[in-house]
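Listed below, chain by chain, are the residues.
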Amino acid sequence: SCASLYENPQAFLASVHPDDRERVSHTLRLAQTTGQPFEHEYRVVRPDGSTRWVMDRVFPIVTEAGIPARYVGVVADVSERHQTEEHLRQAATVFECTRDGVMIADLNDCLLAVNKAFTEITGYSEAEALGSKTSLQRSDRHGPDFFQALWASLLDTGHWQGEIWNRRK
């Protein structure tokens with residue numbers, strides 16, 4: 001059981017992923033020395049071999065002499081958050097490394113983010129582009145119907161794909 005795992009330090013450390021074991025052991029030794037509360041994240045290997053990320057928030061129970069007699073805490077499974085963070089890191093890498101110019105705008109047509117390819121293609125720096133309207137580079141080669149269809153697609157499906165004539169700075 002989970003409770004028995006935490007009662008036996010050796011069994012607990014054996015369940016910690018080998019790559020995290022030394023760091024977790026160091027944190028526990030430091031907590032015993034300082035008597036301070038602590039929080040840390042690490043991976044555990046479950047009996048079925050699967051790995052999960054957990055976060056411990058631990059607080060000392062101190063004797064009248066001020067010595068930590070034991071610790072109590074909460075363990076939470078944070079695997080989903082770690083997976084989401086990894087997907088965000090991957091998306092950020094794609095955003096920055098693609099050779100296509102990418103801009104992200106809000107529903108008020110205000111630029112929130114641009115990638116490096118956008119700045120190279122358009123000649124506008126990130127600082128110049130952020131906060132401006134997407135019309136910053138409009139070439140006037142497309143009429144109002146084109147932009148109405150573009151925004152209708154964005155609002156309807158959440159994306160638009162196509163080619164657009166824009167102008168450089």
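This text goes with the structure placed above it.
Notes on the structure follow. Just so it is clear, the model here is predicted, and its values are computed rather than measured. (Residues numbered from 1 in each chain as written. Predicted model: local features only at pLDDT ≥ 70, side-chain atom pairs only at ≥ 80, totals over all residues. Heavy atoms only, no water.)

### Some details on the nonpolar core
Move 1: F12, L13, V16, V24, Y42, V44 and V54 form the largest nonpolar core, which has 7 residues in total.
Move 2: Here V16 is in contact with R21, V24, Y42, R43 and V44, once residues within four sequence places are set aside. (Core = buried A, V, L, I, M, F, W, Y, C linked by side-chain atoms within 4.5 Å. Buried < 20%, exposed > 50% of the residue type's maximum accessible area, 1.4 Å probe, protein only. Contact = heavy atoms within 4.5 Å.)

### Some points on unusual backbone geometry
Move 1: Here the phi dihedral of D109 falls at roughly 70°; this positive angle occurs in a residue that is not glycine.
Move 2: Following the sequence through the fold, D109 ends up in the loop between β4 (103-105) and β5 (111-114).
Move 3: Look at D109 and you get buried, because its relative accessible area is 15%.
Move 4: With a phi angle near 65°, D140 is a residue other than glycine that sits in the positive phi range.
Move 5: By secondary structure assignment, the location of D140 is in the loop between α6 (126-129) and α7 (144-157). (Helix = DSSP H or I, 4+ residues; strand = E, 2+ residues; numbered from the N terminus.)

### Side note on the pattern of salt bridges
Move 1: Taken as a whole and assessed by the stated rule, the structure comprises 11 salt bridges.
Move 2: Where R81 meets E41, a salt bridge forms, and the shortest distance between an N and an O atom there is 2.6 Å. Placement of R81 in helix α4 (residues 79-97) and of E41 in strand β1 (residues 38-45) is noted, with a sequence separation of 40 residues between them.
Move 3: In this structure R81 comes out as partly exposed when scored by relative accessible area, which is 35%.
Move 4: In this structure, E86 engages R89 in a salt bridge whose closest nitrogen and oxygen atoms are separated by 3.1 Å. Pair noted here: E86 and R89 are both in helix α4, with a separation of 3 residues, about one helical turn.
Move 5: A residue is classified by how much of its surface remains accessible, and E86, at 35% relative accessible area, is partly exposed.
Move 6: Because the salt bridges share partners, they merge into one network encompassing D20, R23 and R43. (Salt bridge = Lys/Arg side-chain N within 4 Å of Asp/Glu carboxyl O.)

### Some points on the sheet that holds strand β2 (residues 51-62)
Note on sheets: strands pair through backbone hydrogen bonds, and any given pair is parallel or antiparallel.
Move 1: Ordered in space as β1-β2-β3, the 3 strands form an open sheet in which the pairing is antiparallel. Only two strands of the sheet have a single neighbouring strand rather than two, namely β1 and β3 (68-77). Within this sheet the neighbouring strands show an average axis-to-axis angle of 35°, counted without direction.
Move 2: With 9 bridges connecting them, β2 and β3 associate as antiparallel partners. Looking across to β3, one finds that F59 is bridged to V72.
Move 3: In this fold helix α3 (residues 18-34) packs onto β1, β2 and β3, with an angle of close to 150° to the strand it touches most, β1. (Pairing = 2+ DSSP bridges. Axes fitted to C-alpha atoms, helices over the stretch in contact; angles between N-to-C directions.)

### With respect to a nonpolar patch on the surface
Move 1: On the surface, F59, I61 and V72 cluster together into a nonpolar patch covering about 240 Å² of accessible area.
Move 2: Within the secondary structure layout, V72 lies in strand β3.
Move 3: The class for V72 is partly exposed, based on a relative accessible area of 38%. (Patch = residues over 30% accessible without salt bridge, like charges linked within 9 Å, V, L, I, M, F, W, Y side chains within 5 Å. Areas by Shrake-Rupley, 256 points an atom, 1.4 Å probe, with all protein chains shown as cover.)

### Points about the packing of aromatic side chains
Any pair of aromatic rings gets described here by the distance separating the centres and the angle formed by the planes.
Move 1: Going through the model one piece at a time under the given rule, you end up with 4 aromatic pairs.
Move 2: Ring geometry for F146 versus W160: centroids 6.0 Å apart, planes at 80°, classification edge-to-face. Here F146, found in helix α7, pairs with W160, found in the segment after α7; they are 14 residues apart in sequence, far enough to count as distant.
Move 3: Overall, the relative accessible area of 24% leaves F146 in the partly exposed class.
Move 4: Residue classification places W160 among the partly exposed residues on the basis of a relative accessible area of 29%.
Move 5: Grouping aromatic residues by their ring pairs yields a cluster made of F146, F147 and W160. (Phe/Tyr/Trp six-rings, centres within 6.5 Å; stacked < 30°, edge-to-face > 60°.)

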